[in-house]
Amino acid sequence: MGEPAAPESDATLVARMARGDRAALSTLYSRHAARLLALALQILKDREEAEDTLHDVFLEAWQKAASYSEERGAVGAWLSLRARSRAIDRRRSVPRTRAVPLEALGTDGPVDPSVDPARIQDQRRLGKAFAVMTADEQQVIVLGYFEGLTSSEIAEQLGTPIGTVKSRTRSALVKLRVAFGEQSGGGRQ
């Protein structure tokens, strides 16, 4: 007997989804659902809303699988962007309190070993990226990505010009891409 086959890449699974392969969707869901649910929960603070958002994200990924382009970024980033956008849309439809401590991001202290190993690795990478960011860059990432504020809302909350907020965000995103091993070029997602 030969050695077991290496698991298919996420990009291969998305290509199979584009051809209508439901098993590929199931595998992709198994790989990413826990992390995406955690992201939606961080933004929405409501498990039922986060679960609905997760469903919407995978339904959208199924429907738009043919539009995925590997040159534009990793599948995990593609799904995360969709999850973040859907969660923000859902949260904006019902106003909520916005407050997230930096410690909740898993960047300080020990990581809970009962958490999905992929999420632990992401948290460690995020911690490394935050370690090289300025306090201002950290602040715009927390407000924009983890609390779901727009650039205009961040500028208003911080009393900072919107151009400055966008520059800090761009600089922070470059550091995140380096930490997560993604190329900074290749277009937008």
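Residues numbered from 1 in each chain as written. Predicted model: local features only at pLDDT ≥ 70, side-chain atom pairs only at ≥ 80, totals over all residues. Heavy atoms only, no water.

Peer 1: Looking at this structure, I do not really get the pattern of salt bridges. What am I missing?
Peer 2: Oppositely charged side chains are able to pair whenever their charged atoms sit close together. One pass over the structure, following the stated rule, counts 13 salt bridges. A salt bridge links glutamate 60 to arginine 82; its shortest N-O distance comes to 2.3 Å. With glutamate 60 in helix α3 (residues 47-63) and arginine 82 in helix α4 (residues 75-93), this pair connects stretches of sequence that are 22 residues apart. The residues glutamate 60 and arginine 82 share a single accessibility class, namely buried. Residue glutamate 60 pairs with arginine 86 through a salt bridge whose shortest N-O separation is 2.8 Å. A residue pair is termed long-range when its members are at least 10 positions apart, and glutamate 60 in helix α3 and arginine 86 in helix α4 qualify at 26 residues. Since its relative accessible area comes to 12%, glutamate 60 is described here as buried. For arginine 86, a relative accessible area of 26% puts it in the partly exposed group. (Salt bridge = Lys/Arg side-chain N within 4 Å of Asp/Glu carboxyl O. Helix = DSSP H or I, 4+ residues; strand = E, 2+ residues; numbered from the N terminus. Buried < 20%, exposed > 50% of the residue type's maximum accessible area, 1.4 Å probe, protein only.)

Peer 1: So what exactly am I meant to see when it comes to the nonpolar core here?
Peer 2: In globular proteins that are soluble, nonpolar side chains generally tend to be buried together. Counting residues in hydrophobic clusters, the biggest one holds 26 residues, and the most contacted among them are Val14, Leu28, Leu36, Val75, Trp78 and Leu79. Within the residue set of this core, elements represented by two or more residues are α1 (10-18), α2 (22-44), α3 and α4. In terms of residue count, the dominant contributor to this core is α2 (nine residues). If sequence neighbours within four positions are ignored, leucine 28 has contacts with Asp10, Leu13, Val14, Met17, Phe58, Val75 and Leu79. By size, the runner-up hydrophobic cluster in this structure holds nine residues, among which are Leu126, Ile141, Val142 and Ala172. (Core = buried A, V, L, I, M, F, W, Y, C linked by side-chain atoms within 4.5 Å. Contact = heavy atoms within 4.5 Å.)

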